[in-house]
Amino acid sequence: MKKIKTSAPGKLMLFGEHAVVYDYPCIVTSISPRVYVEIEGIKERSRIEAPQVKNTQFVERSIDIFNKKYHLSDNLLIRTYSDFSSQYGFGSSSAITVATIYALSKYYKVELTNKEIFELGFKVVKQVQGVGSGFDIAAAIYGGTLYFVTGGKVIEPLSIDKLPLIIGYSGIKADTSNLIKNLKADFNIFDNIKKIVESAKLNLVKGELEKTGELMSQNHMYLQQLGVSTKKLDNMCLAAISSGAYGAKLSGAGGGDCMIALAPLDKMKSVESAIINMGGEIIDVNNNSQGVKLENI
Ligand code: MEV
């Protein structure tokens, strides 16, 4: 029977987290680890095999929403695999959602634009999670590095090279939904973050890494003021800067997960060691990676 396999990348937030939930812009980059979805028509009842996923709701909702919209209902076996653990906060749920919707569109030969995949994927995230800006759905679809405004009001691919980024995992799994729900919105801080995002967009496109790094550190300061950083993330960022990084910040919801540092190539090793000395784990991934795609079977 017919079989389709797709994959979609994880993401790292570069600038603008939390503010982007409140109608502000952010900048996100897609990363090299991917999730994979395989769809096969079967005779028996539909089932999902997702050994690495605790919560299959994202796959289930993706199928429900897709089938309702296009009046389809084949019996399917859906298998998912992931290159990375969901504990890092790399957006595995959004990537699985996007890879599932794309696989369904290929299986049923329904032509979808990126924007249409986004609308379906964002609906899934809103139904399962209740909160979120949709930036991770956009990153999984478009790939590369995006300037993004809440709910996909703007999705603008930025023409940049891969960034010399170092990613340090704090060892603590963040609870993104609770962090978003418990955040006390401060629109003065969000306005300042917006200025950073706009400046970062210009500097990234010009390849001004030193200035981009400084903007990262400024963004981190505002995230501290919002109360979403932790002592460990702060220490990892400070250590990175002291050992030669242009700048560093937490990436994502905060409360744990990862920090990122931008560094000159000749300082990458010393920055990595400094982060490890602070108890961080270096996650070796590339950025600015390709969006959702069909895989050969
Ligand atoms: C979480 O990775 C980033 C947040 O801005 C949430 C979102 O935009 O969906 C905190």
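Computed from a predicted model, the values in this text were never measured in an experiment. (Residues numbered from 1 in each chain as written. Predicted model: local features only at pLDDT ≥ 70, side-chain atom pairs only at ≥ 80, totals over all residues. Heavy atoms only, no water.)

**Examining the environment of Ile166**
Note on placement: Ile166 falls in strand β7 (residues 165-169). Along the sequence, Ile166 and Ser273 sit 107 residues apart, while their C-alpha atoms lie 11 Å from each other. (Helix = DSSP H or I, 4+ residues; strand = E, 2+ residues; numbered from the N terminus.)

**Topic: the pattern of salt bridges**
Tallied over the full model, the rule gives 13 salt bridges. Linking Lys249 and Glu17 is a salt bridge whose minimum nitrogen-to-oxygen distance equals 2.8 Å. One end of the pair, Lys249, is in strand β8 (residues 247-251); the other, Glu17, is in the loop between β1 (3-15) and β2 (25-41), with 232 residues separating them in the sequence. Among the salt bridges present, the one from Glu272 reaches Lys269, with a minimum N-O distance of 3.3 Å. Within this pair, Glu272 and its partner Lys269 are both found in helix α9 (residues 268-277), separated by three residues, close to a single helical turn. Where salt bridges share partners, they join Lys3, Glu38, Glu40, Glu44, Arg47, Glu49 and Arg79 into one cluster. (Salt bridge = Lys/Arg side-chain N within 4 Å of Asp/Glu carboxyl O.)

**Looking at the pairing of β8**
Most of β8 sits inside the fold, with five of its five residues counted as buried. When β8 meets strand β9 (residues 258-262), the two strands line up antiparallel, connected through five bridges. When the sheet's bridge partners are listed, Lys249 is paired in β9 with Ile260. Remark: six residues form the turn of the hairpin made by β8 and β9, two consecutive strands paired antiparallel; Gly252 in that turn has positive phi of roughly 110°. (Buried < 20%, exposed > 50% of the residue type's maximum accessible area, 1.4 Å probe, protein only. Pairing = 2+ DSSP bridges.)

**Some points on the packing of aromatic side chains**
If you walk through the whole model with that rule in mind, you get 13 aromatic pairs. Each ring, one from Tyr88 and one from Phe90, has its centre 5.5 Å from the other, and the planes form 45°; the classification is tilted. Exposure class is identical for Tyr88 and Phe90. Each is buried. Through successive ring pairs, a cluster of aromatic residues spans Tyr22, Tyr24, Phe187 and Phe190. (Phe/Tyr/Trp six-rings, centres within 6.5 Å; stacked < 30°, edge-to-face > 60°.)

**Regarding the pairing of β9**
Counting buried positions along β9 gives five out of five residues, so the element sits mostly inside the fold. Here β9 shows a buried face lined by Cys258, Ile260 and Leu262 and a second buried face lined by Met259 and Ala261. Inspection of the sheet shows β7 paired to β9 by five bridges, in the antiparallel sense. Residue pairing for β9: Tyr169 is matched across the bridge by Cys258.

**Considering unusual backbone geometry**
Despite not being glycine, Asp23 has its phi angle at roughly 70°, a positive value. Within the secondary structure layout, Asp23 lies in the loop between β1 and β2. Residue classification places Asp23 among the partly exposed positions, given a relative accessible area of 47%. The backbone of His71 shows a phi angle near 50°, a positive value even though the residue is not glycine. Counting through the fold element by element, His71 comes out in the loop between α1 (57-70) and β4 (76-82).

**Topic: the environment of Ala274**
Here Ala274 lies in helix α9. Between the alpha carbons of Ala274 and Gly244 there is a distance of 9.7 Å; along the sequence they are 30 residues apart.

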